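Structure assessment
Here are the chains, one letter per residue:
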Amino acid sequence: MENESEVTISHLSGFIKLDEERREVIKEVEDLKCQQNRANAEISAAKKTGADVKAKLEEMKAISEKVKVLDSKQSEIEKKIEEVVLYLPNICHETTPVGASGDDNVEIRRWGTPAKFSFEPLSHADIGVKLDILDFDRAAKITGARFTVLKGDAARLERALISFMIDVHTGENGYHEVLPPYAVNRDSMRGTGQLPKFEEDLFKVTPSGYYLIPTAEVPVTNLHRDEMLNFEALPVKYVSFTPCFRAEAGSYGKDMKGLIRQHQFHKVELVKFTAPETSYEEHEKLVADAEKILQKLKLPYRVMALSTGDIGFSAAKCYDLEVWLPSQNTYREISSCSNFEDFQSRRAQIRFKRNPKAKPELAHTINGSGLAIGRTLIAIMENYQNEDGSVTVPEVLIPYMGGITKIGAFKGYSPQGQQQQAQAKETNAKAMTNK
RNA sequence: GGAGAGAUGGCUGAGUGGCCGAAAGCGCUCGACUCGAAAUCGAGUUUCCUGACACAAUCGGGAACCUGAGUUCAAAUCUCAGUCUCUCCGCCA
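Residues numbered from 1 in each chain as written. Chains lettered and ligands numbered in written order. Predicted model: local features only at pLDDT ≥ 70, side-chain atom pairs only at ≥ 80, totals over all residues. Heavy atoms only, no water.

As for the pattern of salt bridges
Enumeration according to the criterion identifies 27 salt bridges in this entry. Note that R109 and E291 form a salt bridge whose closest N and O atoms lie 2.5 Å from each other. With a gap of 182 residues between them, R109 in strand β1 (residues 106–111) and E291 in helix α8 (residues 279–296) connect regions that are remote in the sequence. The network of salt bridges with common partners includes E107, R110, R302 and E322. (Salt bridge = Lys/Arg side-chain N within 4 Å of Asp/Glu carboxyl O. Helix = DSSP H or I, 4+ residues; strand = E, 2+ residues; numbered from the N terminus.)

Here it is in structure tokens:
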């Protein structure tokens, strides 16, 4: 944190100097261009009368040279300014708690009570392997670490969650569904703030140079990049299901087991474009919309306000929803809901006019997970697990699961009997501890 | 993958070196007419940067006709490169 703020301060002092330089150059070059424009009128008038313009042309040639030099000087300065500006984080809202790290996040509220188990609850990874519905080994074989194959009822539950969440947000919460491309260009990544600073977190696709989206926020927010929104239409509300791809650079060793931290996961995302005066109200509503999913699934959670030390680069204010995970005996992030104010809008030029004659204003953008699918799957597996190793299907999902009420073992082909292997491993482990 | 056509304001679309921020039409805003509306008539209608000003209003200057570079005293217009769109052929979920 300290290093980061030092960098920022040195950036800022340089920025002021650059800004002054830029204005000076502009004044100089525009005076010359003004002369050029006047001369243009003279020359074209003189040509009609047949007057001699040789001397004038010579004079203008010299000015033209000067203009060229100054023009390139100006664009050089502007490039430097852009570099500084693009690396500056957003300014936090006054209600964002001040702190140094995630330890300073403030709990806002809790919902639900964690269930007490009459047995030792397993982790979702253990449950998944036992039922042979989460296949980590084969995912590692076909791709690598941090990928997972979902099988049988896990795959179906994943699908059920996607449909369920979208249905709630479109049907009850008034969002409009969009399904965007999963790869975007550089301009889009810059618009929402992933680039240029977080290049190493992204998967880049060759040869196009496109980037795989780390969240639907990127394509959906950029839907209205360089656009003038209709004031009457605000707030514009979208819900979007997409896969998300994250390189997870610098997170080696963290959450290696299970589905918590993956290179590829699914997410249903909520995105809003609002007028500045209503953005905080709309932010609260968006959080409530995301919470509703957890409530319908009857999963205990808490709402955390992220401190200035933990909040993301682009956000002014951010709430995390954290769901209860029995195996970890703690709450883990399942949704992140941020108000970016005009940070993204400024980069992406997302504007609106209050009336046809009014000046354009920057919109505010807000988004949040509603929810991360993989982590919801985890929470269901862990919170709804039974002693016999099965998992009860939450009531609201039963229609989406073809009427089944319990998730059981994968009944498909499994040549090496992963389930048996897992059991063998477990008995061995027990035998070892008994000795 | 091969061949061709194109990219101009909110939209349609003219413009092939200066008099073009850009014709015309549509749309939109305001006004007249009308009891009201339609029709008609009149006026207006892009954005960004910069300067003057305490701010706003306003006024001055500059820039922008897909993007970038070049030719030229001067580029929407000419040259080169790129991006995107469309049509035809091939291939394909």
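Notes on unusual backbone geometry
Cis geometry marks the peptide bond from L195 to P196, where omega comes out at 5 degrees. Tracing the backbone through its elements, the reader meets P196 in the loop between α6 (186–192) and β6 (204–205). For the bond running from G370 to L371, omega is 5 degrees, close enough to zero to count as cis. Tracing the backbone shows L371 in strand β16 (residues 364–372).

Description of the packing of helix α5 (residues 153–171) against α8
At a minimum axis distance of 10 Å, the contact between α5 and α8 shows a crossing angle of 130 degrees. Our classification of the angle between α5 and α8 gives oblique. Judged by the sense of rotation from one axis to the other, the crossing of α5 with α8 is right-handed. Contacts between α5 and α8 involve F164, M165, V168 and H169 on the former and, on the latter, D289, A290, K292, I293 and K296. By residue class, the composition of the contact of α5 with α8 is 5 nonpolar, 1 polar and 3 charged. (Axes fitted to C-alpha atoms, helices over the stretch in contact; angles between N-to-C directions. Parallel < 35°, antiparallel > 145°, perpendicular 65-115°, else oblique. Left-handed = near helix turned anticlockwise from the far one by under 90°. Contact = heavy atoms within 4.5 Å. Nonpolar A, V, L, I, M, F, W, Y, C, P; charged D, E, K, R; others polar.)

Describing the packing of aromatic side chains
Throughout the structure, instances matching the rule amount to 8 aromatic pairs. Between W111 and Y301 the ring centres are 5.7 Å apart and the planes differ by 20 degrees, which places this aromatic pair in the stacked class. Placement of the pair is W111 in strand β1 and Y301 in strand β11 (residues 301–305), with a sequence separation of 190 residues. For W111, a relative accessible area of 30% puts it in the partly exposed group. Given a relative accessible area of 1%, Y301 falls into the buried group. With 5.9 Å between their ring centres and 75 degrees between their planes, F164 and Y400 make a pair best called edge-to-face. With a gap of 236 residues between them, F164 in helix α5 and Y400 in the loop between β17 (391–392) and β18 (406–407) connect regions that are remote in the sequence. For F164, a relative accessible area of 4% gives the class buried. A cation over a ring is seen here: K237 above Y175, with NZ or CZ 4.7 Å from the ring centre. (Phe/Tyr/Trp six-rings, centres within 6.5 Å; stacked < 30°, edge-to-face > 60°. Buried < 20%, exposed > 50% of the residue type's maximum accessible area, 1.4 Å probe, protein only. Lys NZ or Arg CZ within 6 Å of the ring centre and 35° of its normal.)

Things to note about the confidence of the model for chain A
Per-chain confidence: chain A averages 90 in pLDDT, with 93% of residues scoring 70 or above. Our summary of model confidence lists the complex with pTM equal to 0.90 and ipTM equal to 0.87. (pLDDT = per-residue confidence, 0-100.)

With respect to the side chain of D153
With respect to the secondary-structure elements, D153 resides in helix α5. Within the buried set, D153 has no salt-bridge partner at all; the shortest N-O distance to an opposite charge, 5.5 Å, is to K411. At 3.1 Å, the side chain of D153 and the backbone nitrogen of G408 are in polar contact. Ignoring any residue separated from it by four or fewer positions in sequence, one finds D153 in contact with I133, M401, I404, K406, I407 and G408. (Lys, Arg positive; Asp, Glu negative; His and termini not counted. Polar contact = N/O pair within 3.5 Å; in protein donor to acceptor, adjacent residues only side chain to side chain.)

Some details on empty space enclosed by the protein
Scanning the entire structure with this criterion turns up 1 cavity of 30 Å³ or more. Counted as a void, the largest cavity has a volume near 30 Å³. In this structure, the largest cavity is lined by I260, V323, L325, R332, E333, R375 and I378. For the lining of the largest cavity, the secondary-structure elements that each account for two or more residues are β12 (317–325), β13 (330–341) and α10 (373–383). For the lining of the largest cavity, the residue count by class is 4 nonpolar, no polar and 3 charged. (1 Å grid on protein atoms, 1.4 Å probe; cavity = no way out; pocket = protein on both sides within 12 Å on 5 of 7 lines; lining within 4 Å. Points joined across faces, edges and corners; volume = space filled by probe spheres on them.)

A few points about the protein's contact with RNA strand B
Taken together, the neighbourhood of RNA strand B is formed by 21 residues, with E30, N37, K47, S64 and K353 sitting nearest. Considering the 4 Å shell around the protein, atoms of RNA strand B inside it are sugar or phosphate in 70% of instances. Between RNA strand B and R23 there is a distance of 2.9 Å, counted from a phosphate oxygen to a side-chain nitrogen or oxygen. Contact between RNA strand B and S44: a sugar or linking oxygen at 3.3 Å from a side-chain N or O atom of the residue. Elements represented by at least two residues in the surface near RNA strand B include exactly α1 (2–49), α2 (54–86) and β14 (350–353). No other element matches α1, which puts 12 residues into the surface near RNA strand B. Here the residues of the surface near RNA strand B are counted per class, giving 7 nonpolar, 4 polar and 10 charged. (Near = heavy atom within 4 Å.)

Observations regarding the sheet that holds β13
Spatial strand order, β1-β11-β12-β13-β16-β10-β9-β4: 8 strands in an open sheet with mixed pairing. Looking at the sheet topology across the chains shown, the edges are occupied by β1 and β4 (176–177). Here 9 bridges tie β12 to β13, and the two strands are oriented antiparallel to one another. For C318, the partnering residue across the bridge sits in β13 and is S338. (Pairing = 2+ DSSP bridges.)

A word on a negative patch on the surface
Residues E20, E21, E24, E28, E30 and D31 make up a contiguous surface patch of negative charge. Of note, E28 is situated in helix α1. (Patch = residues over 30% accessible without salt bridge, like charges linked within 9 Å, V, L, I, M, F, W, Y side chains within 5 Å. Areas by Shrake-Rupley, 256 points an atom, 1.4 Å probe, with all protein chains shown as cover. Charge placed at Lys NZ, Arg CZ, Asp CG, Glu CD.)

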